[in-house]
Amino acid sequence: MGRYSKYIPAILSDFEQFQKLDEVESPVLEEEAGEKERVEQNQWILTSQRDGLLRRAGFMGLPLLAGEETEALRERVLSYWNRRSPYVYFMVCDWLDSFCGTDGYFSEMRYAEYTLYILLSLREKEKKDTIFEWLRYMIPANILLDLQLDFNTHGKLRKLRHGELKQKQLSHKSIKEVDLPSLFPQYAFANGYNNHAISHDKR
């Protein structure tokens with residue numbers, strides 16, 4: 001029994017004519033039901049399929065990135081959609097929270113220097129160019145944007161042994177930019193990413 005049979009009285013389902021109609025019409029109804037579900041899902045960013053995300057990205061003027069996975073595209077579209085204006089520092093922090101996570105960055109508004117300083121976790125390094133482009137759009141032109149990656153320093157690496165680095169096939173050059181917590185979850189690497197600071201220093 002197919003979908004077509006759900007729309008006719010049960011007494012008619014025993015007739016051969018209606019059984020034939022069921023065989024022909026049910027696949028068409030299933031296809032239409034699937035298309036209806038796709039259209040409904042594409043109304044919302046969180047449930048949208050890839051074609052819906054690409055269409056929304058086109059409306060927003062977002063550049064399409066070669067090989068970008070659907071969930072990464074969804075995150076980018078959602079972050080763009082959540083942008084708010086006029087500029088307020090705490091709105092920037094809210095936007096970064098949604099795009100990088102509260103533990104993915106450290107931000108500081110340095111009013112004396114007219115500078116917005118952001119230190120980005122290496123976990124989020126692939127987003128650096130996108131963050132810079134969007135923040136330059138969001139913040140006033142008279143505020144400097146200092147966006148840096150939190151490269152690994154000797155202070156972070158001192159708890160690791162040479163054998164552990166060799167096992168992960170890390171060279172002295174590559175160790176600078178790897179996300180240590182993901183490679184060595186057994187260690188606690190301190191960071192201050194979930195702090196939003198404001199400097200009023202009048203130097």
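Being a predicted model, the structure only gives us computed values, none of them experimental.

Cut-offs and rules
- The numbers attached to residues start from 1 for each chain and follow its sequence in the written order.
- For a predicted model such as this one, the threshold for reporting local features is a pLDDT of at least 70, and the threshold for listing and counting side-chain atom pairs is 80 or more; totals across whole chains, interfaces and linings nevertheless cover every residue.
- The side-chain figures draw on all heavy atoms in the structure; neither hydrogens nor water molecules are used.
- Helix and strand labels come from DSSP, where a helix needs a run of H or I of at least four residues and a strand needs a run of E of at least two; each type is numbered from the N terminus.
- By the convention used here, residues are in contact when the closest approach between their heavy atoms is within 4.5 Å.
- A cavity here means a set of points on a 1 Å grid, drawn over the protein atoms and nothing else, where a 1.4 Å probe fits but cannot get out; a pocket is an open set with protein on both sides within 12 Å along at least five of seven lines, and a residue lines either one if it has an atom within 4 Å of a point.
- Grid points are joined across faces, edges and corners, and a volume is the space filled by probe spheres set on the points.
- Classification used: nonpolar for Ala, Val, Leu, Ile, Met, Phe, Trp, Tyr, Cys and Pro, charged for Asp, Glu, Lys and Arg, polar for all others including Gly.
- Note on exposure labels: buried denotes an accessible area under 20% of the residue type's maximum, exposed denotes more than 50%, and partly exposed covers the range between, all computed with a 1.4 Å probe on protein chains only.
- Each pair of strands is called paired provided DSSP finds at least two bridges between the two strands.
- Only the stretch in contact is used when fitting a helix axis, every axis being a line fitted to C-alpha atoms; angles between N-to-C directions are given from 0 to 180 degrees.
- For classification purposes, an angle smaller than 35 degrees is called roughly parallel, one larger than 145 roughly antiparallel, one from 65 to 115 roughly perpendicular, and anything else oblique.
- Whether a crossing is left-handed or right-handed is set by the direction in which the near helix is turned from the far one by less than a right angle, anticlockwise for left-handed and clockwise for right-handed.
- Working definition: a ring pair exists when centres of Phe, Tyr or Trp rings (six-membered ring for Trp) sit within 6.5 Å. Plane angles under 30 degrees give stacked, over 60 give edge-to-face, the rest tilted.
- For this document, the term salt bridge refers to a Lys or Arg side-chain nitrogen within 4 Å of an Asp or Glu carboxyl oxygen.
- Note: the arc covers the axis-to-C-beta directions of the helix.

An account of the side chain of R74 is needed here, citing residue identities and associated values.
Looking at the secondary structure, you find R74 in helix α3 (residues 70–81). Apart from residues no more than four positions distant in its own chain, R74 is found in contact with I45, L46, T47, S48 and L53.

Tell me about the layout of surface pockets, residues and numbers included.
The volume enclosed by the largest pocket comes to roughly 320 Å³. Together, 15 residues line the largest pocket, and L65, E68, R76, E126 and T130 are the ones closest to its centre. Broken down by class, the residue content of the lining of the largest pocket amounts to five nonpolar, one polar and nine charged.

With reference to specific residues and values, describe the pairing of strand β1 (residues 105–110).
For β1, the tally of buried residues reaches five of six residues, placing the bulk of the element in the interior. When β1 meets strand β2 (residues 115–120), the two strands line up antiparallel, connected through six bridges. Bridge pairing in β2 links M109 to L116. Hairpin connection between β1 and β2: a loop of four residues separates the two successive antiparallel strands, and Y114 in this loop has a positive phi of roughly 50°.

Give a description of the packing of helix α4 (residues 89–100) against helix α5 (residues 128–138) that names residues and reports values.
Relative orientation of the contacting elements α4 and α5 amounts to 160°, with a least axis distance of 12 Å. When the axis of α4 is compared with that of α5, the two are roughly antiparallel. For the pair α4 and α5, the crossing hand works out as right-handed. In contact with V92, W95, L96, F99 and C100 of α4, α5 contributes T130, I131, W134, L135 and M138.

Which residues make up the packing of aromatic side chains, and what values do they have?
Two descriptors summarise a pair of aromatic rings, namely the distance from one centre to the other and the angle between the planes of the rings. Tallying each qualifying case throughout the model produces six aromatic pairs. Plain terms: the ring middles of Y80 and W134 are 5.6 Å apart, the flat faces sit at 70° to each other, and that makes the pair edge-to-face. With Y80 in helix α3 and W134 in helix α5, this residue pair connects regions lying 54 residues apart in the sequence. Centre to centre, the rings of F99 and W134 are 5.5 Å apart; their planes meet at 35°, and the pair counts as tilted.

Could you give me a rundown of the pattern of salt bridges, with the residues and numbers involved?
Two side chains carrying opposite charge are able to pair once their charged atoms lie near each other. Summed over all chains, the structure comprises ten salt bridges. Note that R38 is salt-bridged to D51, the shortest N-O span being 2.3 Å. One end of the pair, R38, is in helix α1 (residues 16–41); the other, D51, is in helix α2 (residues 50–60), and 13 residues separate them in sequence. The class for R38 is partly exposed, based on a relative accessible area of 22%. Across the pair E68 and R76 runs a salt bridge, and its minimum N-O distance is 2.8 Å. Judged by its relative accessible area of 14%, E68 is buried.

Break down α5 for me, citing the residues and quoting the values.
By the burial criterion, the buried members of α5 are T130, I131, W134, L135 and M138. Buried residues along α5 cover an arc of 120° about the axis, so they all sit on one side. Exposed residues lying more than 90 degrees from the buried face of α5 are D129 and Y137. Residues of α5 that are buried make contact with α3, α4, β2 and β3 (144–149).

For unusual backbone geometry, give the residues involved together with the corresponding values.
Not every positive phi belongs to a glycine, and Y114 is a case in point at roughly 50°. A relative accessible area of 51% means that Y114 is categorised as exposed.

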